[in-house]
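Structural features, examined
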Amino acid sequence: MTYLDLYIQIDKYLESKLFFQVVEMKIFDYFHHSTTKEKVAQEMKISIKRLEPLLRVLIKLGWVEKDNEKLINNEKVDKFLYSKSSYYIGEILIIKKELLDFEHIGNLLNGEESKSKRIYDFDRMLDVGAKEIEYFRVDTLIKEAAQLFESESVKSILDLGGGSGLFALELALLYPEAQVRLFDRRSVLDRAKSYIKKRVPLDRLDYQEGDFISDDFGKDYDLIIASGIIDFAYNDVKAFLRKLKDGIASNGYIFLYSASLLKDDALINRELRWLSGRLRSNLVTVSKEEIEHGLEDAGLEVVKKTEDLLYPIWILRRI
Ligand SMILES: C[S@@+](CC[C@H](N)C(=O)[O-])C[C@H]1O[C@@H](n2cnc3c(N)ncnc32)[C@H](O)[C@@H]1O
């Protein structure tokens with residue numbers, strides 16, 4: 001490592017800070033159509049002299065492209081960060097950043113920051129979870145499920161700890177014969193209900209409140225979605241996996257999503273992103289090895305290892 005490698009940290013920090021600020025300012029809306037710096041300065045009601053240095057950076061970073069005197073968003077930037085694009089994820093990125101951010105690592109280590117109560121906006125969080133599923137995750141689920149089941153053969157589905165319930169909703173739409181259950185804690189379910197009602201209310205979608213560790217969540221499901229929940233069973237992973245196995249029909253499947261199933265080289269991102277959460281709460285990460293042992297103990301086998309755009313997925317069935 002040279003001193004230059006260390007100085008690069010400053011650039012990374014500044015680039016990231018700039019990124020979030022321009023996304024918050026919806027800067028990329030100005031460059032959706034080919035434009036000029038004079039026009040943008042006028043629209044932003046700022047002097048062109050102030051705009052120019054920023055533009056040079058946006059261009060150097062490749063976020064905005066220059067064609068003679070005209071300026072336009074880079075194609076990918078335009079797709080995801082032009083606020084009227086149907087793929088817009090600026091809001092998701094900002095909320096995720098707020099959730100994962102920390103003021104001071106020293107305070108987190110000695111428990112100071114967790115004492116100063118952070119205020120979470122749970123409705124926004126639910127909205128983000130739903131959008132992530134919609135944009136990055138549901139297509140893979142539908143594709144993988146279609147390879148396992150004939151549409152009419154699926155009669156019952158459980159989305160365990162389903163949060164927004166968007167997986168449950170999409171599966172209910174995909175499988176017209178299926179009764180779909182969303183299971184979560186009461187506070188989450190109340191939000192999910194009103195969220196789903198605003199979208200497509202379906203009689204075949206029911207809600208069960210409870211604690212998936214201590215309460216019964218039913219059995220004979222053709223499909224159980226267990227996405228992002230295994231860490232909550234850290235006290236007894238084996239017992240939880242046995243409970244999941246008992247929940248599926250003899251020819252049913254479990255879709256287990258967990259960042260712990262990431263390949264090792266991707267783990268650093270996971271550790272970094274969740275560092276503040278891990279230090280703030282007592283939530284423990286369940287390791288891939290613990291999951292593997294738990295599967296063996298429960299009598300579950302991995303039929304397929306795959307991934308959506310955000311998380312790895314192991315598809316499981318009874319041995
Ligand atoms: C990380 S979120 C995942 C949400 C959703 N499955 C997804 O992938 O977007 C974890 C969910 O598990 C729920 N949860 C955690 N522990 C639970 C428990 N013991 N009983 C019921 N739900 C629980 C939380 O309320 C939350 O909705």
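Residues take numbers from 1 onward in each chain, read along the sequence in its written order. Since the coordinates come from a predicted model, pLDDT governs what is reported: local features require at least 70, and pairs of side-chain atoms require 80 or more to be given and counted, while whole-chain, interface and lining totals use all residues. Just so you know, side-chain values use all the structure's heavy atoms and leave hydrogens and water out.

With respect to the site of the ligand
Consider each residue's heavy atoms; a residue with any of them within 4 Å of a molecule or strand counts as near. For the ligand, the set of nearby residues contains 16 residues, the closest of which are Gly161, Asp184, Asp211, Phe212 and Ser227. The separation between an oxygen atom of the ligand and a polar side-chain atom of Asp184 is 2.6 Å. Polar contacts, as counted here, are pairs of nitrogen or oxygen atoms within 3.5 Å of one another; within protein the pair requires one atom able to donate a hydrogen and one able to accept it, and residues that are adjacent in sequence qualify only if both atoms are side-chain atoms. Here a nitrogen atom of the ligand and a side-chain polar atom of Arg185 are 3.3 Å apart. Within the complex, the protein chains bury 82% of what would otherwise be the 590 Å² of accessible surface of the ligand. Gly is put with the polar residues, along with every residue not named as nonpolar or charged; the nonpolar set is Ala, Val, Leu, Ile, Met, Phe, Trp, Tyr, Cys and Pro, and the charged set is Asp, Glu, Lys and Arg. Partitioning the shell around the ligand into residue classes produces six nonpolar, six polar and four charged. The Shrake-Rupley method, run with a 1.4 Å probe sphere, supplies the accessible areas, and residue values consider only the shown protein chains as cover.

Here we look at the pairing of strand E1 (residues 64-67)
Strands are treated as partners if at least two bridges between them are detected by DSSP. Where helices and strands are cited, they refer to DSSP runs of H or I of at least four residues and of E of at least two residues respectively, numbered from the N terminus. Here four bridges tie E1 to strand E2 (residues 70-73), and the two strands are oriented antiparallel to one another. Each residue of the ladder has a partner; that of Asp67, found in E2, is Lys70. Hairpin connection between E1 and E2: a loop of two residues separates the two successive antiparallel strands, and Asn68 in this loop has a positive phi of roughly 55°.

Thoughts on the domain arrangement of the protein chain
Think of interface size as the accessible area that goes away when the parts come together; that is how it is often given. What the domain assignment reports for the protein chain is domain 1 (3-81) and domain 2 (122-318). Taken over C-alpha atoms, the centre of domain 1 sits 38 Å from the centre of domain 2. For the purposes of this description, domain bounds are those given by an automatic or database domain assignment.

Regarding the sheet that holds strand E8 (residues 300-307)
Spatial ordering of the open sheet is given by E5-E4-E3-E6-E7-E9-E8, a layout of seven strands whose pairing is mixed. With partners counted over all chains shown, the strands left at the sheet margins are strand E5 (205-209) and E8, one partner each. Between one strand axis and the next, the sheet turns by 20° as a mean value, whatever way the strands run. With six bridges joining them, strand E6 (residues 221-227) and strand E7 (residues 248-257) adopt parallel strand pairing. Comment: axis = line fitted to C-alpha atoms, over the contacting stretch for helices; angle = value between 0 and 180 degrees taken between N-to-C directions.

Thoughts on the pattern of salt bridges
A carboxyl oxygen of Asp or Glu within 4 Å of a side-chain nitrogen of Lys or Arg is what we treat as a salt bridge. Taken as a whole and judged by the stated rule, the model has 13 salt bridges. Across the pair Glu52 and Lys49 runs a salt bridge whose closest N-O atoms are separated by 3.7 Å. Of the two residues, Glu52 and Lys49 both sit in helix H3 (residues 48-60), three residues apart, roughly one turn of that helix. The partner of Asp308 in a salt bridge is Arg137, with the nearest N and O atoms 3.0 Å apart.

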